[in-house]
Amino acid sequence: MAEAFIVDAIRTPVGRKNGSLATLHPADLGGHVLSALMSRTGIDPAAVEDVVFGCVDTLGPQAGDIARTCWLVAGLPDSVPGVTVDRQCGSSQQAVHFAAQAVMSGTADLVVAGGVQNMNMVPIASAMQGTSPFHGSPGWLARYGDQEVSQFRSSDMIAEKWQISREEMEAFALESHQRALRADFTTELTPVNGLSKDECPRADTSLEKMAGLKPLREGGLTTAALSSQIADGASAMLIASEQAVRDHGLRPRARIHHLSVRGADPVWMLTAPIPATAHALAKTGLTMDDIDLVEINEAFASVVLAWQRETGADLNKVNVNGGAIALGHPLGATGTRLMTSLLYELERRGGRYGLQTMCEGGGQANVTIIERLS
């Protein structure tokens, strides 16, 4: 099978709730990162065959195929199409999968994958209009009953099943902030709207402050401090075939070693990274010892800690520059945000394999293994 290569990757800083990017139109936010990617790679934009962008809650300014709108707003050729993907939190990671699959199948040679989200402008779950998407479905009721289906309940159930204490989760969350504050993301960022660094990490947080927060559910363990932050951002990468690398004189930085997606119980919702990781390792013949770095989205602290209990992963190799608890989770952009950071950190450390996975609405999880090229 043909190979798919990552030529370059870039992201905007992540803006916090009511922060510097809150009023920036999503099309301009996404357009900015696309323009920066084209500039960085030096590729003729007309050579791009498709733009695959992740976005969740495609309403209002995010409606109308935001992938296409971002490309046009950036002033790039109108001959290049775009398509928007919604696999919930994994939308832009799935965008990478679709782009790589197009290249690996031989049906395309140059595809941009990425994502954009303005959660200040279009609040999370806006598309659900205040009700469950399962409401009124006799089929869902017959299969799963009328039990609560929510990410907060799932986080609490995971903490209880894997015997993860609130204190352990708070220590993990504090470390996420400290790692993010120590990190240097300069080379992977393109400043936008006057913002040149991530806004979400909190230098003033502490275990004492976290301990004083009320749980998000009565009787639960999960608090806001143990959850990913509402945020805005965009990210993108150029995926190329071997032929495109030759034709355009490109230098690939990594190859897609594995890509897959798995499902699990939709009521538990957030556990799918566990079977997804097992599936990826079984398919590739790799073990966790072969993986140099891991990015697993910190939707909630319990998600990462349960995954670690099951995989035996060394947390010193996991989210080494912090995760969404500290850096924010701009839903549609997070997948390629994580992969961008993973790529740059593999290069800094001289590592070979990086694994990325993330929990997604409906009980799903994408998993990608990239191999750094020297």
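So, how was this worked out
Residues numbered from 1 in each chain as written. Predicted model: local features only at pLDDT ≥ 70, side-chain atom pairs only at ≥ 80, totals over all residues. Heavy atoms only, no water. Helix = DSSP H or I, 4+ residues; strand = E, 2+ residues; numbered from the N terminus. Buried < 20%, exposed > 50% of the residue type's maximum accessible area, 1.4 Å probe, protein only. Contact = heavy atoms within 4.5 Å. 1 Å grid on protein atoms, 1.4 Å probe; cavity = no way out; pocket = protein on both sides within 12 Å on 5 of 7 lines; lining within 4 Å. Points joined across faces, edges and corners; volume = space filled by probe spheres on them. Nonpolar A, V, L, I, M, F, W, Y, C, P; charged D, E, K, R; others polar. Salt bridge = Lys/Arg side-chain N within 4 Å of Asp/Glu carboxyl O. Axes fitted to C-alpha atoms, helices over the stretch in contact; angles between N-to-C directions. Left-handed = near helix turned anticlockwise from the far one by under 90°. Phe/Tyr/Trp six-rings, centres within 6.5 Å; stacked < 30°, edge-to-face > 60°. Lys NZ or Arg CZ within 6 Å of the ring centre and 35° of its normal.

Trainee: Would you take a moment to explain the environment of Gln117 for this structure?
Mentor: Locating Gln117 in the fold gives a position in strand E5 (residues 110-118). The class of Gln117 is buried, set by a relative accessible area of 0%. Along the sequence, Gln117 and Gly106 sit 11 residues apart, while their C-alpha atoms lie 30 Å from each other. In this view, Gln117 contacts Leu29, Cys55, Val56, Asp57, Gln62, Ala231, Asp232, Gly233, Pro330, Leu331, Gly332 and Ala333; residues no more than four positions away in its chain are not counted.

Trainee: How should I be thinking about empty space enclosed by the protein in this particular structure?
Mentor: Any empty space left between atoms is shown by rolling a water-sized probe over those atoms. This structure, assessed with the given rule, holds one cavity of 30 Å³ or more. Of the voids in this model, the largest cavity is the one considered here, and its volume is about 40 Å³. Taken together, Ile158, Trp162, Leu270, Thr271, Pro273, Ile274, Val303, Ala306 and Trp307 make up the lining of the largest cavity. At the level of secondary structure, the elements contributing two or more residues to the lining of the largest cavity comprise helix H9 (273-284) and helix H10 (301-311). Of the residues forming the lining of the largest cavity, the biggest block, three residues, is contributed by H10. When the residues that make up the lining of the largest cavity are grouped by side-chain class, the tally is eight nonpolar, one polar and no charged.

Trainee: Help me out: how do you make sense of the pattern of salt bridges in this one?
Mentor: Once their charged atoms are close, side chains differing in charge can pair, the charge on each being opposite to the other. For the coordinates displayed, the defined rule picks out 18 salt bridges. When the shortest N-O distance is used, the salt bridge between Glu188 and Arg11 registers 2.7 Å. Taken together, the residues span a long stretch of sequence, with Glu188 in the loop between helix H6 (166-182) and helix H7 (207-211) and Arg11 in strand E1 (residues 5-11) at a distance of 177 residues. A salt bridge links Arg217 to Glu148; the shortest N-O distance between them is 3.4 Å. Of this pair, Arg217 sits in the loop between H7 and strand E6 (231-240) while Glu148 sits in the loop between helix H4 (138-144) and helix H5 (151-161); the two residues are 69 residues apart in sequence, bridging distant segments of the chain. Connected through salt bridges with shared partners, the residues Glu3, Arg255, Arg352 and Glu371 form a single ionic network.

Trainee: Just to check I follow, could you spell out the packing of H5 against H10 for this structure?
Mentor: Packed helix pairs are characterised by how far apart their axes lie and by the angle those axes make with each other. One can describe the packing of H5 onto H10 by two numbers: an axis separation of 9 Å at closest approach and a directional angle of 35°. Crossing hand, H5 versus H10: left-handed. Facing H5, whose interface residues are Ser155, Ile158 and Ala159, H10 presents Ser302, Val303 and Ala306. A class-by-class count of the residues in the contact of H5 with H10 yields four nonpolar, two polar and no charged.

Trainee: So what exactly am I meant to see when it comes to the packing of aromatic side chains here?
Mentor: Each aromatic ring pair is characterised by the separation of its centres together with the angle its planes make. Counted under the stated rule, the structure contains two aromatic pairs. Aromatic side chains Trp140 and Tyr144 sit 4.3 Å apart centroid to centroid with 40° between the ring planes, which places their arrangement in the tilted category. Remark: Tyr144 and Trp140 occur in helix H4; sequence separation between them is four residues, near one turn of the helix. Trp140 gets classed as buried once you look at its relative accessible area, which sits at 17%. Ring centres of Phe152 and Phe300 lie 6.0 Å apart, and the angle between their planes is 85°; on these two criteria the pair is classed as edge-to-face. In this pair, Phe152 is assigned in helix H5 and Phe300 in the loop between strand E8 (293-296) and H10, connecting sequence segments 148 residues apart. The ring of Phe185 has Arg11 lying over it, and the distance from NZ or CZ to the ring centre is 4.8 Å. Between the NZ or CZ atom of Arg253 and the centre of the ring of Tyr344, over which it lies, the distance is 4.4 Å.

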